[in-house]
Amino acid sequence: MAICPVCEYRSPYWDQISSHIRSKSNSSDVQHVMWLNRNLTIKELTEEELTGSLEEFFSLKDGLAQWIRRRFVEKFYGERPHPFILAMQSPTRGVLLGYVLEHQHFLRNWVRVLAAIIYKTDRDDVVRSEMENMEVEFFGFMGRPAHYELLIRMGESLGMRREEILSTPPLPATASSIRTWRKIAETREWAEVMAAMHSLELVADRTLRKYGAKMHYFKESILDSQDFPREVKDFLREGYEADQKHAGEALETVEKYAKDKELVQVTVLRSFDAFSKYLMARLERGMQFEPGLVKVVEAVTG
C-alpha cells in the first residue's frame, strides 16, 4: 500500500500518491513542499519522475530495519552530514556543554516515552527490553552509573555546577522536538513508537560506515585523548558501546511485530525531523558559551 508521508492519504498505487503530493505542492501546501525538499529533491519533478522517486524511497525490498538504517544514514551521515555531527569530530567545550544542557531534557523524555511503549504493548519481550533500557539510561545498571548521571558529570567536568545544569530549561527547538515525540507516544501504535525512538540510537552506531556513513559520531581517538576530562570520555564511551546493541535489537523487534510497516516509515521520518531540529538546538546552546560556533554552523549549512 502506498502512503503520503505528510497526511497519510493511502492508495494501492504510487502514481495516485504522486498526483496527490503534486496537487498539494502546486497549491503551496507548506507541509507537502517541505517534505519533498527535505527528503527527495528541491527540483520540480514530473508526475512520472515523482512516482518513481517515491516508490524507490519507500521500497522495503531489504526489510524495514534496513530501510530505517539507510534513511538515517542519508539524513544525518550522507553527503551533507548534520552540523552537530561535524562539530563532534573535534568537539569544543561549547559543543559539549550544549550537548549536556539540551540532552538532559531528551533523556528525561526518553524514559517517559519508553514507559508508553511498555503500557501499550502486549509483548513480554518488549517490556523486558524497554525496562532494561530505562535502567541503563536513567537509573543505572549492574552497578554502573546511568547515562543520565554520566551526562551530568560531563557537564560538571566542563565547569558547570550540577544545580545550574539541572535548572536550565530546554531551548524552544528542544521543547518542540520533545512535543513531537510525546505526541507520537500518545497517538501511535507501540511498534511505531519503538521505531521512532530507538532508531535515534543509530546516531552512535559504529556499524553505520557499512551503510554509507562518511564518518562516526565522533573520532574514536577522543576516547584515548588527554585533551578531554575523564568524565567526557566516560559519557561518550558508554553511549558508543550501548547504542549499537539497543538500536539493532529494537529495530529487529519492530520488524518482527509491526502491523503496519508504512505507518512505521512515516512515523520514523517525523522522528528524524524532530531529531535534526534537536541536534541543532545543542549547537544553538553551545553558541552561548562559544560565540565562534556561529561561523562553524554557517560554514556547514550555507
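Structure: see above.
Here the structure is a predicted model, which is why all the values come from computation and not from measurement.

## Points about the nonpolar core
Counting residues in hydrophobic clusters, the biggest one holds 89 residues, and the most contacted among them are Y77, W181 and F275. Of all the elements, helix 6 (residues 93–120) adds the most residues to this core, at 14 residues. Discounting residues that sit within four places of it in the chain, W181 has contacts with F106, N109, V113, M197, L200, S271, A274, F275 and Y278.

## Considerations on the side chain of D205
As for its placement among the helices and strands, D205 is situated in the loop between helix 11 (190–198) and helix 12 (230–257). Judged by relative accessible area, D205 falls into the buried class, the value being 3%. One polar contact links D205 to R69, side chain to side chain, over a distance of 2.8 Å.

## Things to note about the environment of P145
Along the chain, P145 falls in the loop between helix 7 (124–139) and helix 8 (147–157). Residues P145 and R230 lie 85 residues apart in sequence; the distance between their C-alpha atoms is 14 Å. Leave out the neighbours within four places in its chain, and P145 touches G140, L150 and R153.

## Things to note about the layout of surface pockets
Considering only enclosed or pocket space, the largest pocket measures out at about 1100 Å³ in volume. If you go around the largest pocket, you meet 35 residues; those closest to its centre are R38, K75, L269, F272 and D273. Looking at the lining of the largest pocket, the elements that each hand over two or more residues are helix 2 (30–39), helix 4 (64–76), helix 10 (172–187), helix 13 (261–289) and helix 14 (293–301). For the lining of the largest pocket, the element with the most residues is helix 13, which contributes 9 residues. When its residues are assigned to classes, the lining of the largest pocket shows 13 nonpolar, 11 polar and 11 charged.

## Considerations on helix 2
Taken together, the buried positions of helix 2 are occupied by H32, W35, L36 and N39. Burial along helix 2 is one-sided: seen end-on, the buried residues are contained in an arc of 95 degrees. Residues of helix 2 that are buried in the fold lie against helix 1 (14–26), helix 3 (47–57) and helix 13.

## What about the packing of aromatic side chains?
Per the counting criterion, the structure on display carries 25 aromatic pairs. Judged by centre distance (5.9 Å) and plane angle (10 degrees), the rings of W35 and F58 are stacked. Of this pair, W35 sits in helix 2 while F58 sits in the loop between helix 3 and helix 4, placing them 23 residues apart in sequence. A single burial state applies to W35 and to F58, both of which are buried. Among the aromatic side chains, those forming a connected cluster through ring pairs are F72, F76, Y77, F106, W110, W181, F272, F275 and Y278. For the cation-ring pair, R71 lies above F57, with the distance from its terminal atom to the ring centre recorded as 4.1 Å. Against the face of Y99 rests R282, its NZ or CZ located 4.0 Å from the ring centre.

Parameters at a glance
- Residues numbered from 1 in each chain as written.
- Predicted model: local features only at pLDDT ≥ 70, side-chain atom pairs only at ≥ 80, totals over all residues.
- Heavy atoms only, no water.
- Core = buried A, V, L, I, M, F, W, Y, C linked by side-chain atoms within 4.5 Å.
- Buried < 20%, exposed > 50% of the residue type's maximum accessible area, 1.4 Å probe, protein only.
- Helix = DSSP H or I, 4+ residues; strand = E, 2+ residues; numbered from the N terminus.
- Contact = heavy atoms within 4.5 Å.
- Polar contact = N/O pair within 3.5 Å; in protein donor to acceptor, adjacent residues only side chain to side chain.
- 1 Å grid on protein atoms, 1.4 Å probe; cavity = no way out; pocket = protein on both sides within 12 Å on 5 of 7 lines; lining within 4 Å.
- Points joined across faces, edges and corners; volume = space filled by probe spheres on them.
- Nonpolar A, V, L, I, M, F, W, Y, C, P; charged D, E, K, R; others polar.
- Arc of directions from axis to C-beta.
- Phe/Tyr/Trp six-rings, centres within 6.5 Å; stacked < 30°, edge-to-face > 60°.
- Lys NZ or Arg CZ within 6 Å of the ring centre and 35° of its normal.

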